[in-house]
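In case you want the letters, here they are:
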Amino acid sequence: IKNNIDQINEVEDDSDTKSISGTFQRLEGQLFTALVIKTKAGKEEKLWWFQFFEGSAELSKNPASLAKKNLTIKYTEMEVYDAKLKEYRTIKVMKNLTVN
């Protein structure tokens with residue numbers, strides 16, 4: 001186990017990771033940035049960018065180059081407190097971005 005701890009941690013991380021695909025719409029935000037995509041069903045989904053993730057370099061350098069491109073994003077869910085609503089809500093936090 002000691003020799004394979006990195007692989008074990010990767011498996012544990014993957015169990016909480018989900019995936020969503022859609023067309024890049026825009027970046028939003030002030031203090032923190034969120035990426036907005038539109039799924040095939042026509043629903044807009046917001047995913048938060050809190051830390052470095054694979055695929056973020058292209059997004060940070062030239063987000064306009066991703067306009068109307070199809071993306072697949074891996075994310076985890078995080079429960080955060082919303083002071084305006086005075087309650088907790090679940091948000092999607094990006095972990096990986098791939099341009100299809």
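Residues numbered from 1 in each chain as written. Predicted model: local features only at pLDDT ≥ 70, side-chain atom pairs only at ≥ 80, totals over all residues. Heavy atoms only, no water.

K.L.:
I tried to follow unusual backbone geometry on my own but got confused; where do I start?
P.N.:
For residues other than glycine, phi is negative in most cases, and the peptide bonds are mostly trans. Within the chain, K68 stands out as a residue other than glycine whose phi angle is a positive 65°. Checked against the element boundaries, K68 lands in the loop between α2 (56-61) and β4 (70-82). Phi at K86 takes a positive value of approximately 60°, unusual for a residue other than glycine. According to the relative accessible area criterion, K86 is exposed, its value standing at 64%. (Helix = DSSP H or I, 4+ residues; strand = E, 2+ residues; numbered from the N terminus. Buried < 20%, exposed > 50% of the residue type's maximum accessible area, 1.4 Å probe, protein only.)

K.L.:
It is not clear to me how the sheet that holds strand β1 (residues 18-29) should be interpreted in this structure. Could you clarify?
P.N.:
Consider a sheet: its strands pair through backbone hydrogen bonds, and that pairing is either parallel or antiparallel. One closed barrel accounts for five strands, arranged β1-β2-β3-β5-β4; its pairing is mixed. On average, each strand axis in the sheet is tilted by 55° relative to the strand beside it, whichever way the strands run. In terms of strand pairing, β4 meets strand β5 (residues 87-99) through twelve bridges, oriented antiparallel. Residue pairing for β5: T76 is matched across the bridge by V93. (Pairing = 2+ DSSP bridges. Axes fitted to C-alpha atoms, helices over the stretch in contact; angles between N-to-C directions.)

K.L.:
Could you clarify how one ought to interpret the nonpolar core in this entry?
P.N.:
Most often, soluble globular proteins have nonpolar side chains that are buried together. Of all hydrophobic cores here, the largest spans 14 residues; its most connected members are L35, L47, L59, L71 and I73. Elements that contribute at least two residues to this core include exactly β1, β2 (33-38), β3 (44-49), β4 and β5. Tallying contributions element by element places β4 first for this core, with three residues. Here L47 is in contact with I20, T33, A34, L35, I37, I73, Y75, K92 and M94, once residues within four sequence places are set aside. (Core = buried A, V, L, I, M, F, W, Y, C linked by side-chain atoms within 4.5 Å. Contact = heavy atoms within 4.5 Å.)

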